[in-house]
Amino acid sequence: MFDEAMQDPEMAELINGYMAQMTVGIQLANARDEVGMSMDALSQQSGVAKSTIINIEHGEASPTIFTLTRLAAAMGKTFQTAFV
(Lines give C-alpha, C1' and ligand atoms only; values in the text may rest on other atoms or scores of the structure.)
Protein backbone atom coordinates (compact mmCIF):
# COMPACT_ATOMS: atom_id res chain seq x y z
CA MET A 1 0.00 0.00 0.00
CA PHE A 2 2.85 2.39 0.85
CA ASP A 3 4.56 1.71 -2.48
CA GLU A 4 1.28 2.43 -4.27
CA ALA A 5 0.85 5.72 -2.42
CA MET A 6 4.40 6.74 -3.29
CA GLN A 7 3.61 6.31 -7.00
CA ASP A 8 1.19 9.24 -6.80
CA PRO A 9 3.36 12.40 -6.95
CA GLU A 10 1.04 14.45 -4.74
CA MET A 11 0.78 11.71 -2.13
CA ALA A 12 4.55 11.12 -2.24
CA GLU A 13 5.13 14.83 -1.60
CA LEU A 14 2.81 14.76 1.41
CA ILE A 15 4.38 11.59 2.82
CA ASN A 16 7.92 12.86 2.34
CA GLY A 17 7.05 16.18 3.98
CA TYR A 18 5.48 14.46 6.96
CA MET A 19 8.47 12.11 7.29
CA ALA A 20 10.82 15.12 7.29
CA GLN A 21 8.77 16.79 10.03
CA MET A 22 8.85 13.58 12.09
CA THR A 23 12.62 13.29 11.62
CA VAL A 24 13.20 16.85 12.83
CA GLY A 25 10.95 16.21 15.83
CA ILE A 26 12.77 13.02 16.77
CA GLN A 27 16.15 14.71 16.38
CA LEU A 28 15.05 17.62 18.59
CA ALA A 29 13.73 15.28 21.28
CA ASN A 30 16.94 13.23 21.18
CA ALA A 31 19.14 16.33 21.40
CA ARG A 32 17.09 17.68 24.30
CA ASP A 33 17.32 14.35 26.13
CA GLU A 34 21.05 14.17 25.41
CA VAL A 35 21.68 17.45 27.22
CA GLY A 36 19.18 16.60 29.97
CA MET A 37 16.93 19.56 29.28
CA SER A 38 13.20 19.63 29.93
CA MET A 39 10.80 21.22 27.48
CA ASP A 40 10.19 23.98 30.01
CA ALA A 41 13.91 24.72 30.31
CA LEU A 42 14.39 24.65 26.53
CA SER A 43 11.46 27.02 26.12
CA GLN A 44 12.86 29.45 28.67
CA GLN A 45 16.41 29.32 27.26
CA SER A 46 15.38 29.62 23.61
CA GLY A 47 12.37 31.91 23.83
CA VAL A 48 10.36 29.37 21.82
CA ALA A 49 6.95 28.53 23.27
CA LYS A 50 6.68 25.15 24.96
CA SER A 51 3.62 24.40 22.80
CA THR A 52 5.76 24.95 19.69
CA ILE A 53 8.43 22.59 21.01
CA ILE A 54 5.76 19.96 21.72
CA ASN A 55 4.36 20.35 18.20
CA ILE A 56 7.82 20.06 16.64
CA GLU A 57 8.71 16.97 18.66
CA HIS A 58 5.39 15.33 17.74
CA GLY A 59 5.91 16.05 14.04
CA GLU A 60 2.96 18.42 13.98
CA ALA A 61 4.88 21.55 13.04
CA SER A 62 7.25 22.61 10.31
CA PRO A 63 9.63 24.94 12.14
CA THR A 64 11.67 27.62 10.46
CA ILE A 65 15.45 27.37 10.29
CA PHE A 66 15.55 30.39 12.60
CA THR A 67 13.51 28.53 15.24
CA LEU A 68 15.67 25.41 14.95
CA THR A 69 18.81 27.54 15.25
CA ARG A 70 17.46 29.15 18.44
CA LEU A 71 16.59 25.75 19.91
CA ALA A 72 20.02 24.35 19.06
CA ALA A 73 21.81 27.34 20.59
CA ALA A 74 19.78 27.01 23.79
CA MET A 75 21.08 23.43 24.06
CA GLY A 76 24.67 24.49 23.37
CA LYS A 77 24.52 22.94 19.91
CA THR A 78 24.54 24.16 16.33
CA PHE A 79 21.84 23.46 13.80
CA GLN A 80 22.92 21.74 10.59
CA THR A 81 21.02 20.36 7.65
CA ALA A 82 21.96 18.19 4.71
CA PHE A 83 20.56 17.30 1.33
CA VAL A 84 21.16 13.60 0.74
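Here the residue index of a chain counts from 1 through its sequence in written order. Thresholds applied to this predicted model are a pLDDT of at least 70 for local features of residues and 80 or more for the giving and counting of side-chain atom pairs; totals over whole chains, interfaces and linings are not thresholded and use all residues. As a rule here, side-chain values come from all non-hydrogen atoms in the structure, and water together with hydrogens is ignored.

Student: Looking at this structure, how should I read the pattern of salt bridges?
Tutor: Two side chains with opposite charge may pair up if their charged atoms get near one another. The salt bridge definition used is simple: a Lys or Arg side-chain nitrogen within 4 Å of an Asp or Glu carboxyl oxygen. Tallying each qualifying case throughout the model produces 4 salt bridges. Among the ionic pairs, Asp33 bridges to Arg32, the shortest N-O distance being 4.0 Å. Residue exposure (1.4 Å probe, protein chains only): buried if accessible area is under 20% of the type maximum, exposed if over 50%, otherwise partly exposed. Owing to a relative accessible area of 53%, Asp33 belongs among the exposed residues under this scheme. Among the ionic pairs, Glu34 bridges to Lys77, the shortest N-O distance being 2.6 Å. Remark: Lys77 occurs in the segment after helix H5 (65–74) and Glu34 occurs in helix H2 (residues 9–34); sequence separation between them is 43 residues. What you see here is one network of salt bridges that share partners, running through Arg32, Asp33 and Glu57. Secondary structure is summarised from DSSP: a helix means a run of H or I of at least four residues, a strand means a run of E of at least two, and numbering begins at the N terminus for each.

Student: It is not clear to me how the side chain of Ser43 should be interpreted in this structure. Could you clarify?
Tutor: You can see Ser43 is positioned in helix H3 (residues 39–46). Of the residues examined, Ser43 reaches a relative accessible area of 16% and is grouped as buried. Residues count as neighbours in contact if any of their non-hydrogen atoms are within 4.5 Å of one another. In this view, Ser43 contacts Val48, Ala49, Lys50 and Ile53; residues no more than four positions away in its chain are not counted.

Student: Got a minute to help me understand H5 in this structure?
Tutor: Each α-helix turn comprises 3.6 residues. Residues three or four places apart therefore point the same way. Within the span of H5, buried status applies to Thr67, Leu68, Leu71, Ala72 and Ala74. Looking down the long axis of H5, one finds its buried residues gathered within 165° of arc, a one-sided arrangement. Across H5 from its buried face, at more than 90 degrees, point the exposed residues Ile65, Phe66 and Ala73. Against H2, H3 and helix H4 (50–57) lie the buried residues of H5. Gly76 sits one or two positions beyond H5 and adopts a positive phi of about 75°. Directions are taken from the helix axis to each C-beta atom, and the arc is the one they span.

Everything listed here is a matter of geometry and, on its own, says nothing about what the molecule does.
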